[in-house]
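Residue-level listing of the chains:
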Amino acid sequence: TTVQANIGEVNETSASLTVDGHVSMSGHLYNAGDIILTTNSKIFKDAEERIEFASGVTSVNPSADNVDFQIHSEGTTIFHADAASDGVVIGGGTVVPSGMELTVVGDISASRMYLKNDGNAQVYASGDNGTNGKLQLLADGSGGTSGLIISGAANSITMNHSNTKLALGKTT
């Protein structure tokens with residue numbers, strides 16, 4: 001029995017095939033050129049939407065299914081986003097520690113670091129290799145009514161609590 005179907009247009013000169021509607025296949029799809037997607041295109045695995053190419057944003061797991069996202073390097077997973085725990089591991093590993101949203105395995109390098117929480121506590125570090133730098137651990141974000149300041153430039157350590165101050169070394 002032979003079944004014929006209308007597949008659209010076949011152009012033998014340019015070796016192109018235009019299909020109106022869906023294409024279903026049971027084997028592999030091989031491609032030697034570009035794959036061009038239009039705005040709001042989606043990639044599915046079974047019924048799960050895995051990637052969406054919307055106007056201005058590319059989303060991985062846009063339907064918020066329990067599907068993790070990983071980036072691999074030679075021999076390790078260097079980035080792992082865990083959908084079930086709403087956490088990320090960078091630098092190796094796939095287990096997000098309980099209660100952690102971001103875990104970095106290995107060293108972190110930065111020219112300056114500033115961490116602040118909603119309760120106004122802050123940690124601030126800056127300087128050139130620590131020789132002229134400053135490390136501040138403050139209980140309020142207003143500039144240090146309560147906290148610890150270690151300064152390389154002033155060669156000092158200052159502990160501040162309300163109106164009581166303890167200073168070691170040269171202070172200004």
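What counts as what
- Residues numbered from 1 in each chain as written.
- Predicted model: local features only at pLDDT ≥ 70, side-chain atom pairs only at ≥ 80, totals over all residues.
- Heavy atoms only, no water.
- Helix = DSSP H or I, 4+ residues; strand = E, 2+ residues; numbered from the N terminus.
- Buried < 20%, exposed > 50% of the residue type's maximum accessible area, 1.4 Å probe, protein only.
- Contact = heavy atoms within 4.5 Å.
- Areas by Shrake-Rupley, 256 points an atom, 1.4 Å probe, with all protein chains shown as cover.
- 1 Å grid on protein atoms, 1.4 Å probe; cavity = no way out; pocket = protein on both sides within 12 Å on 5 of 7 lines; lining within 4 Å.
- Points joined across faces, edges and corners; volume = space filled by probe spheres on them.
- Nonpolar A, V, L, I, M, F, W, Y, C, P; charged D, E, K, R; others polar.
- Salt bridge = Lys/Arg side-chain N within 4 Å of Asp/Glu carboxyl O.
- Pairing = 2+ DSSP bridges.
- Axes fitted to C-alpha atoms, helices over the stretch in contact; angles between N-to-C directions.

1. Regarding the overall build of the chain
- Scanning the chain for helices and strands turns up 0 helices and 15 strands.
- A buried classification covers 14% of the 172 residues belonging to the chain.
- Within the chain, contacts between residues separated by at least 24 positions form 0% of all contacts whose residues are at least 6 apart in sequence.
- Counting every atom, the chain has about 13,500 Å² of accessible surface; 52% of that belongs to carbon and sulfur.

2. Regarding the side chain of threonine 103
- Its place among the elements puts threonine 103 in strand S9 (residues 102–104).
- Look at threonine 103 and you get buried, because its relative accessible area is 17%.

3. Here we look at the layout of surface pockets
- Roughly 540 Å³ of volume is contained in the largest pocket.
- Residue lining of the largest pocket: Val23, Met25, Leu29, Tyr30, Asn31, Asp34, Ile35, Leu37, Lys42 and Ile43, and that is the complete set.
- Taken together, the residues of the lining of the largest pocket sort by class into 7 nonpolar, 1 polar and 2 charged.

4. Here we look at the pattern of salt bridges
- Throughout the structure, instances matching the rule amount to 2 salt bridges.
- Between lysine 45 and aspartate 46 there is a salt bridge, with its nearest N and O atoms 3.0 Å apart.
- On the basis of relative accessibility, which here comes to 45%, the residue lysine 45 falls in the partly exposed class.
- Assessed through its relative accessible area of 69%, aspartate 46 is described here as exposed.
- Arginine 50 is paired through a salt bridge with glutamate 48; the nearest N and O atoms lie 2.9 Å apart.
- With a relative accessible area of 27%, arginine 50 lands in the partly exposed category.

5. Concerning the sheet that holds strand S3 (residues 41–45)
- In space, the 3 strands of this open sheet follow the order S3-S4-S5, with antiparallel pairing throughout. Two strands bound the open sheet, and with one partner strand each, they are S3 and strand S5 (57–60). Taken over all neighbouring pairs, the strand axes of this sheet differ in orientation by 15° on average, direction set aside.
- With 4 bridges joining them, strand S4 (residues 48–54) and S5 adopt antiparallel strand pairing. Across the sheet, the residue bridging to glutamate 52 is serine 59, located in S5.

6. Side note on the environment of alanine 83
- Structurally, alanine 83 can be placed in the loop between strand S7 (76–82) and strand S8 (87–90).
- Among the residues examined, alanine 83 registers a relative accessible area of 24% and is labelled partly exposed.
- With 22 residues separating them in the primary sequence, alanine 83 and asparagine 61 have C-alpha atoms 8.9 Å apart.

7. Structural notes on unusual backbone geometry
- The phi dihedral of asparagine 61 is positive, around 60°, even though this residue is not glycine.
- We classify asparagine 61 as buried; its relative accessible area is 16%.
- A positive phi angle, near 55°, is found at aspartate 86, a position not held by glycine.

8. Describing the sheet that holds S7
- The strand order across the open sheet formed by 4 strands is S6-S7-S8-S9, and the pairing between neighbours is mixed. Where the open sheet ends on each side, the last strands, each with one partner, are strand S6 (69–73) and S9. Along the sheet, successive strands turn relative to each other by an average axial angle of 10°, direction set aside.
- Two elements, S6 and S7, share 5 bridges in a ladder whose sense is antiparallel. Paired with glutamine 70 across the bridge in S7 is histidine 80.

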